[in-house]
Amino acid sequence: MGSIAKRRLDFHTGDEVVAEIERLRRGGYTRSKNWTLTQICEHLTHTMTGGMEGFGFRLPWILRATIVHWIVRRILRTRRMSSAPTIERLKPKSPSGGDDDRIIDQCIEVIGRAVKYDGSFEDYPFVDNLTADEWRQFMWLHAAHHLGFLIPDDHPTS
């Protein structure tokens, strides 16, 4: 799995994320890391739903205001996200086997909700003072990061 290079993706809209998910679902893919399309969709669903409905926790203010603020602003500026450990509650629980259309469809539905979401991010757990548009861009970049680990079967090899 680890010998295939990650793709560099940069989504600017929810429609672009959905199009890539559908491409991978229809055409097949090879994993270059651990998670399947289903597991990535499950993770994306948790992170987007948590952003809109709350996670039930917040990082300490000092982290939100310093390190995490700097990281999120850098991601938004460079449109690149590095790998970092996933907190346990956001790790997928679905098995590594074949893909589950129900979980993928749920992710696509949540992306549709995120596109329209204009609620508060006052209690967002990771960083303060995000606008809805900044949060959406962060979510699309987060999706690009994870989906980049799936190489479509129709992807040209170098």
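**Student:** Quick rundown of the environment of R113? Include the residues and the values.
**Tutor:** The residue R113 is located in helix α5 (residues 101-116) in this model. When near neighbours in sequence (up to four residues on either side) are disregarded, R113 contacts T49, M52 and E53.

**Student:** Explain the pattern of salt bridges to me, using residue names and the numbers behind them.
**Tutor:** Summed over the entire model, instances satisfying the criterion amount to 14 salt bridges. Between R25 and E22 there is a salt bridge; the shortest N-O distance is 3.1 Å. Taken together, the residues R25 and E22, both in helix α1 (residues 14-27) and 3 residues apart, mark about one turn of the helix. Classification of R25 by relative accessible area gives partly exposed; the value is 22%. Here the residues in one salt-bridge network are R7, E20, R23 and D154, joined through shared partners.

**Student:** Go over the environment of I21 with me, naming the residues and quoting the values.
**Tutor:** The residue I21 is located in helix α1 in this model. I21 sits in the buried class, given a relative accessible area of 0%. Taking the C-alpha atoms as reference points, I21 and I108, separated by 87 residues in sequence, lie 8.2 Å from one another. I21 has contacts with L37, C41, I104, C107, I108, I111 and L147, leaving out every residue within four places of it along the chain.

**Student:** Go over the side chain of S94 with me, naming the residues and quoting the values.
**Tutor:** Topologically, S94 is positioned in the loop between α4 (67-78) and α5. Within the local environment of S94, its side chain forms a polar contact with the side chain of E42, the two groups lying 2.6 Å apart. If we skip the residues at most four places from it in the chain, S94 touches T38, Q39, E42 and I103.

Cut-offs and rules
Residues numbered from 1 in each chain as written. Predicted model: local features only at pLDDT ≥ 70, side-chain atom pairs only at ≥ 80, totals over all residues. Heavy atoms only, no water. Helix = DSSP H or I, 4+ residues; strand = E, 2+ residues; numbered from the N terminus. Contact = heavy atoms within 4.5 Å. Salt bridge = Lys/Arg side-chain N within 4 Å of Asp/Glu carboxyl O. Buried < 20%, exposed > 50% of the residue type's maximum accessible area, 1.4 Å probe, protein only. Polar contact = N/O pair within 3.5 Å; in protein donor to acceptor, adjacent residues only side chain to side chain.

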